[in-house]
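Working through the structure, step by step
Chain by chain, the residues:
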Amino acid sequence: MKNYLSVFYLQIKSTFVRIMSVILLMSAVQTTLFIHILNSGDILIPSWFTDETFLSGIEKILQNNYSITIVFAICFILVTVILSLNGCKYASREDYTLRRLNITEKKAMLVKGTYGVFAYSLFFISEALIMFALCCIYSSFAENHPYAFEGSVSNQIIFLAHYRSDLIHSVLPLEDYFKYISTFFAILGMSFSTAFIPYFVRRKRLFLEAFILLPLILLNFTAAWTSGFSSDVFIVGASCFILGVLTVRVSKEEQAYDR
């Protein structure tokens, strides 16, 4: 058990600071962009029935301004790159470490995949907290706004936003329990496909699993077409397929340091 914990600690030591830097950067940029949008004057919409102008809801603000969603996508890609490259640059040093710890290469990659689950979960939980903070900022802003629609500013703003905004609903789906399941499988698929990239690099094999799953997950979290049960089923199926392909590929590879 101590050997597995040592490998897990190595992953924390080599990537955790960089992943946290990406999360903090995402938090700062998204918050700054959102405050800028609120103060820009582009958040007012005309009424369909009168000549009056009203303040847009937070879901409309996020839908009409893609910058916040783009920041999320870029940071997700950065976390994926960090996890994917971990162990590739210092392959010989990692091989020596695995031999010294008396742990097989496959088992070490499984530990790295477990760490990936932790890293991606931390990323999505952080984004959920950021979205919650943006909802609170909007609520405070709307309470004092002269064009806020009467009755639209209440303690239900945050609750309703999680059902009206694709991004907010994806990272914090509340009672949409199957969305939690699809997110879990997406995290599993990305974690283990990125963990085994160094494994295939050492054998000079192609490693496309993570790069196939990555755009599908980004679409599931950011695009309007993902509203509904079918998109979650698709993500679960795609993640299971990628994990199945990865399992078959790894089982066929010669294990260099198995004893």
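Structure shown above.
Here's the deal with the overall build of the protein
In terms of helices and strands, the protein carries 11 helices and two strands. Walking the protein from its N terminus toward its C terminus, one meets helices and strands in the order α-β-β-α-α-α-α-α-α-α-α-α-α. In the protein, once contacts between residues fewer than 6 apart in sequence are set aside, the share between residues at least 24 apart is 79%. Total accessible area computed for the protein in this model is approximately 13,800 Å², and 66% of it derives from carbon and sulfur atoms.

Some words on the environment of V79
Tracing the sequence through the fold places V79 in helix α3 (residues 67-85). Those residues within four positions of V79 in sequence are excluded, and the remaining contacts are I19, V22, Y120 and F123.

Quick word on the packing of aromatic side chains
One pass over the full model with this rule turns up 12 aromatic pairs. Note on Y199 and F200: the rings are 5.6 Å apart at their centroids and 90 degrees apart in plane angle, and the pair reads as edge-to-face. Side by side, Y199 and F200 carry an identical accessibility label, which is buried. Linked through ring pairs, F72, F76, Y120, F123 and F124 together constitute an aromatic cluster. It is R249 that lies over the ring of F200; its NZ or CZ is 4.0 Å from the centre.

Overview of the nonpolar core
Formed by 63 residues in total, the largest nonpolar core has its most connected members in F34, F76, F123 and Y138. Sequence-distant contacts of F76, defined by excluding residues within four places in its chain, comprise Y120, F123, F124, M190, L214, I217 and L218.

Describing helix α1 (residues 2-38)
If you check α1, its first and last C-alpha atoms are 51 Å apart, about what 37 residues at 1.5 Å a residue would give, namely 54 Å. Bending of α1 peaks at approximately 45 degrees at the position of T15. If you check which residues of α1 are buried, you get V7, Q11, T15, I19, V22, I23, M26, Q30, F34, I37 and L38.

What to know about the packing of α1 against α3
Two elements in contact, α1 and α3, have axes separated by 10 Å at closest approach and are oriented at 175 degrees. As the angle between them shows, α1 and α3 are arranged roughly antiparallel. Contacts between α1 and α3 pair T15, R18, I19, V22, M26, V29, Q30, L33, F34 and I37 from the former with S67, I68, V71, F72, C75, L78, V79, I82 and L83 from the latter. For the contact of α1 with α3, the residue count by class is 15 nonpolar, three polar and one charged.

Observations regarding a nonpolar patch on the surface
Together, Y66, I70, I74 and L78 give the surface a local cluster of nonpolar side chains, amounting to about 400 Å² of exposed area. Considering the arrangement of structural elements, one finds L78 in helix α3. According to the relative accessible area criterion, L78 is partly exposed, its value standing at 35%.

Here's the deal with the environment of N86
Its location among the elements puts N86 in the loop between α3 and α4 (91-101). Judged by its relative accessible area of 11%, N86 is buried. Separated by 71 residues in the primary sequence, N86 and T15 place their C-alpha atoms 7.3 Å from one another. Beyond its immediate sequence surroundings of up to four residues, N86 is in contact with Q11, S14, T15, K112 and P198.

A look at the environment of I68
Within the secondary structure layout, I68 lies in helix α3. By relative accessible area, which is 1% here, I68 ends up buried. Distance from I68 to L167, taken between C-alpha atoms, is 9.5 Å for residues 99 residues apart in sequence. Residues within four places of I68 in sequence aside, it is in contact with Q30, L33, F34, I37, L62, M131, L134 and L167.

Cut-off values and rules
- Within each chain, residue numbers correspond to sequence positions counted from 1 in written order.
- Per-residue local features are limited, in this predicted model, to residues with pLDDT of at least 70; the limit for side-chain atom pairs, both in listing and counting, is 80 or more; totals at the level of whole chains, interfaces and linings are taken over all residues.
- For the side-chain quantities, the full set of heavy atoms in the structure was used; hydrogens and water were omitted.
- Helix and strand assignments follow DSSP, with helices taken as H or I runs no shorter than four residues and strands as E runs no shorter than two, numbered in order from the N terminus.
- The contact rule is simple, with two residues in contact once any of their heavy atoms fall within 4.5 Å.
- The method behind every accessible area is Shrake-Rupley, applied with a 1.4 Å probe, and residues are considered shielded solely by the protein chains displayed.
- Within 6.5 Å between ring centres, the rings of Phe, Tyr and Trp (the latter by its six-membered ring) count as paired, and their orientation is classed by plane angle as stacked under 30 degrees, edge-to-face over 60, tilted in between.
- Burial status follows relative accessibility: with a 1.4 Å probe on protein chains alone, a residue under 20% of its type maximum counts as buried, one over 50% as exposed, and anything between as partly exposed.
- Whether a charge lies above a ring is judged from NZ of Lys or CZ of Arg, which has to be within 6 Å of the ring centre and within 35 degrees of the ring normal.
- The definition of a nonpolar core used throughout is a set of buried Ala, Val, Leu, Ile, Met, Phe, Trp, Tyr and Cys residues joined through side-chain atoms within 4.5 Å.
- The span one expects for a helix is its residue count, reduced by one, times 1.5 Å.
- The quantity called bend is, for any residue, the angle between two axes fitted respectively to the seven residues ending at it and the seven beginning at it.
- Between the N-to-C directions of two axes lies an angle of 0 to 180 degrees, each axis being a line fitted to C-alpha atoms and, for a helix, fitted only over the stretch in contact.
- Orientation is classified from the angle alone, with under 35 degrees giving roughly parallel, over 145 giving roughly antiparallel, 65 to 115 giving roughly perpendicular, and any other angle giving oblique.
- Residue type decides the class: Asp, Glu, Lys and Arg count as charged, Ala, Val, Leu, Ile, Met, Phe, Trp, Tyr, Cys and Pro as nonpolar, and the leftover types, Gly among them, as polar.
- Patch membership requires more than 30% relative accessible area and the absence of a salt bridge. Residues of like charge join within 9 Å; the nonpolar side chains Val, Leu, Ile, Met, Phe, Trp and Tyr join within 5 Å.
- We count a salt bridge whenever a side-chain nitrogen from Lys or Arg sits within 4 Å of a carboxyl oxygen from Asp or Glu.

Nothing here speaks to function; it is geometry throughout.
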